[in-house]
Amino acid sequence: MPRLHRALALVGLLLLSHNACAQKLRLVADGWPPFTDTTLVNGGLATDIVSTALARAGYASDFEQVPWARAMLGIGEGRYDVLINAWYSEERTHVGRFSAEYLLNRVRFIKRKDAPIQYENLQQLHAYPIAVVRGYAYSKAFDEDQQLQKVPVHNFAMAVRMLAAGRVKLTLEDEFVARYYLSRESAKVRNAVEFMPKPLSENSLHILVSLKNPQHEQIVAGFDREIAAMKADGSYARLLKAHGM
């Protein structure tokens, strides 16, 4: 009987361990092509990198695409485990744990081609209405500059159309994201605007793991470990190439 009890206890522990491992992480992001979008191959470049690294670390996952504000709220409340596409901000550390950088975003201003706007510092832009996406963190200096005339919009596509129509003087976005959207705009919009030479910032992209998940530290550690391993074994570079980067 003692042996039988021990055997049953071992089976019980193995089943509990299996159930814990079988639980899927709930990944979330807003639509942000080419990085995150359910219409793209494997959910886009960032989704593919993140889910691959987590799988290598032993975590199965499901991906849900929702508006940015809902994604952030869900991370804070614990309805989602991992926000795929987070730029670092101090405020977000109160709801989640950041991973190390796994991609780099270069944010650039965009203006109408016929607008004589120069940019070397933010003070030069105080006179111009700038379309910004609600809830996004662009850079500390930009976000905290109260003299900038920020016009909140739902997404970059709306921002660039407002710019082309002359309703705002500037907008800004990650260069790869902007090029992706511009390639899908009409020639009228696409030919009316251009990037300004000097970038606002270069922002490292991270996952943000909800503090409500009791394994948040282990998840981040496993993710960081596997991203490093993917860069070393060439699989990271292959994913970039597969997504046209």
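This structure is a prediction, so every number in the text was calculated from the model and none was measured.

Calculation rules
- Here the residue index of a chain counts from 1 through its sequence in written order.
- In keeping with the predicted nature of the model, local features appear solely for residues at pLDDT of at least 70, side-chain atom pairs appear and are counted solely at 80 or more, and the whole-chain, interface and lining totals rest on all residues.
- The side-chain figures draw on all heavy atoms in the structure; neither hydrogens nor water molecules are used.
- Salt bridge, as used here: a side-chain nitrogen of Lys or Arg that lies within 4 Å of a carboxyl oxygen of Asp or Glu.
- The numbering of helices and of strands both runs from the N terminus, where a helix is a DSSP run of H or I of at least 4 residues and a strand a run of E of at least 2.
- Each residue gets one of three labels from its accessible area relative to the maximum for its type: buried under 20%, exposed over 50%, partly exposed in between, using a 1.4 Å probe on protein chains only.
- Here a cavity denotes grid points, spaced 1 Å and computed from the protein atoms alone, that fit a 1.4 Å probe unable to get out, and a pocket denotes an open set having protein on both sides within 12 Å along at least 5 of 7 lines; residues with an atom within 4 Å of a point are the lining.
- Grid points are joined across faces, edges and corners, and a volume is the space filled by probe spheres set on the points.
- As a working rule, the residues Ala, Val, Leu, Ile, Met, Phe, Trp, Tyr, Cys and Pro are called nonpolar, Asp, Glu, Lys and Arg charged, and the rest polar, with Gly in that last group.

Chemist: Run through the pattern of salt bridges, naming residues and quoting values.
Modeler: Note that side chains of opposite charge can pair when their charged atoms are close. What the rule picks out here adds up to 13 salt bridges. The closest approach of N and O atoms between Asp81 and Arg26, which form a salt bridge, is 3.0 Å. In this pair, Asp81 sits in the loop between helix H3 (68-77) and strand E3 (82-87) while Arg26 sits in strand E1 (residues 25-29), placing the two residues 55 residues apart along the sequence. In this structure, the salt-bridge partner of Asp114 is Arg112, at a minimum N-O distance of 3.0 Å. With relative accessibility at 23%, the residue Arg112 sits in the partly exposed group. If you follow the salt bridges from partner to partner, you end up with Arg56, Arg225, Glu226 and Asp233 in one network.

Chemist: Any details on empty space enclosed by the protein? Residues and values, ideally.
Modeler: In total, this model carries 1 cavity of 30 Å³ or more according to the counting rule given. What the largest cavity holds in volume is close to 90 Å³. What lines the largest cavity is Asp30, Trp32, Trp68, Asn85, Ala86, Trp87, Arg92, Tyr136, Ala137 and Leu205. Broken down by class, the residue content of the lining of the largest cavity amounts to 7 nonpolar, 1 polar and 2 charged.

Everything listed is a geometric property; what it means functionally is a separate question.
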